[in-house]
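Chain residues, written in single-letter form:
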Amino acid sequence: AFIVDTNKPEIARATVIENLSFTTESAYQVLMKVLRVSSAIVKYQALMKFRPLPPEIRTSIAIDHLKDSIKLVRVGAAELVVGVDENSFNATDKISRRKSLEELETMLFSSADFSTGRMQLGDYYFQKGDFNTAVIHYKMALQKDRLLTPVYSNLATAYSIIKDYAKVNETLDEWIDLEPNVGRPHYLRGLLYFE
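Residues numbered from 1 in each chain as written. Predicted model: local features only at pLDDT ≥ 70, side-chain atom pairs only at ≥ 80, totals over all residues. Heavy atoms only, no water.

K.L.:
When you look at the overall build of the protein in this model, what are you seeing that I'm missing?
P.N.:
Tallying secondary structure elements over the protein gives 11 helices and zero strands in all. Starting at the N terminus and walking to the C terminus, you meet the elements of the protein as α-α-α-α-α-α-α-α-α-α-α. Within the protein, buried positions represent 43% of all 195 residues. The contacts of the protein with a sequence gap of at least 6 include a subset with a gap of at least 24, amounting to 46%. Taken as a whole, the protein presents about 10,600 Å² of accessible surface, with 54% of it coming from carbon and sulfur. For the protein, the centre of its 24 positive side-chain charges and the centre of its 25 negative side-chain charges are spaced 4 Å apart. (Helix = DSSP H or I, 4+ residues; strand = E, 2+ residues; numbered from the N terminus. Buried < 20%, exposed > 50% of the residue type's maximum accessible area, 1.4 Å probe, protein only. Contact = heavy atoms within 4.5 Å. Areas by Shrake-Rupley, 256 points an atom, 1.4 Å probe, with all protein chains shown as cover. Lys, Arg positive; Asp, Glu negative; His and termini not counted. Charge placed at Lys NZ, Arg CZ, Asp CG, Glu CD.)

K.L.:
Looking at this structure, I do not really get the side chain of Arg189. What am I missing?
P.N.:
Tracing the sequence through the fold places Arg189 in helix 11 (residues 183-194). Setting aside chain neighbours within four positions, we find Arg189 in contact with Asn169, Leu172, Asp173 and Ile176.

K.L.:
Would you explain the layout of surface pockets in this entry?
P.N.:
Where empty space is left in the structure can be found by rolling a water-sized probe over the atoms. The calculated volume of the largest pocket comes to roughly 300 Å³. What lines the largest pocket is a set of 15 residues, among which Tyr44, Met48, Arg51, Glu79 and Gln120 lie closest to the centre. In terms of residues, the lining of the largest pocket owes the most to one element, helix 7 (residues 115-128), which gives four residues. Its residues assigned to classes, the lining of the largest pocket shows seven nonpolar, three polar and five charged. (1 Å grid on protein atoms, 1.4 Å probe; cavity = no way out; pocket = protein on both sides within 12 Å on 5 of 7 lines; lining within 4 Å. Points joined across faces, edges and corners; volume = space filled by probe spheres on them. Nonpolar A, V, L, I, M, F, W, Y, C, P; charged D, E, K, R; others polar.)

K.L.:
Teacher, can you tell me more about the side chain of Thr59 here?
P.N.:
Relative to the elements of secondary structure, Thr59 occurs in helix 4 (residues 55-63). A residue is classified by how much of its surface remains accessible, and Thr59, at 8% relative accessible area, is buried. Setting aside chain neighbours within four positions, we find Thr59 in contact with Val81, Val84 and Phe89.

K.L.:
How should I be thinking about the packing of helix 3 (residues 40-48) against helix 5 (residues 71-81) in this particular structure?
P.N.:
Any two packed helices are characterised by the angle at which their axes cross and by the distance between the axes. Where helix 3 meets helix 5, the axes come as close as 8 Å, and the angle between the chain directions of the two elements is 5°. Taken together, the axis directions place helix 3 and helix 5 in an arrangement best described as roughly parallel. Contacts between helix 3 and helix 5 involve Ala40, Ile41, Lys43, Tyr44, Leu47 and Met48 from the former and Leu72, Val73, Gly76, Ala77, Glu79 and Leu80 from the latter. Per-class residue counts for the contact of helix 3 with helix 5 are nine nonpolar, one polar and two charged. (Axes fitted to C-alpha atoms, helices over the stretch in contact; angles between N-to-C directions. Parallel < 35°, antiparallel > 145°, perpendicular 65-115°, else oblique.)

Here it is in structure tokens:
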């Protein structure tokens, strides 16, 4: 009720969307309603909630927003189609997709001076399947802030995909040195040995 109430402040509605878990069909229907009638920041946060869904669903939602008049909404739509095969779009939508992805890249690179910006760039290239470039950005994120621990998991996974197992171990060692009681790096090491 709060999310769809256009009398409430936009920033508050966007914040509620950002912090809620959406796992039911009815919740997603609320988000679809929000996408039709809301401001840019609210639409952007609503679009982000569709990221975990399968590519075909994300694409069908994104197509309506790749040509939005507001850049933030186009960027949000672009985030839904990162890594989705370009051939699944018609000729007109391919152009919109390409332009919105360029805007997303520009936005990501504008934050590249920060460790979190580099991590986001790494995630972007990871989603595109460009794991070597993802590694470069993850390493730069850790050079800027070695305590940004989410990067270690992503970096180790990227190294594993490109089969640089020595670097996986090295990355996990660094993470375990920082957080010896956290389970995730030990779990990833177990997966590595299993593979």
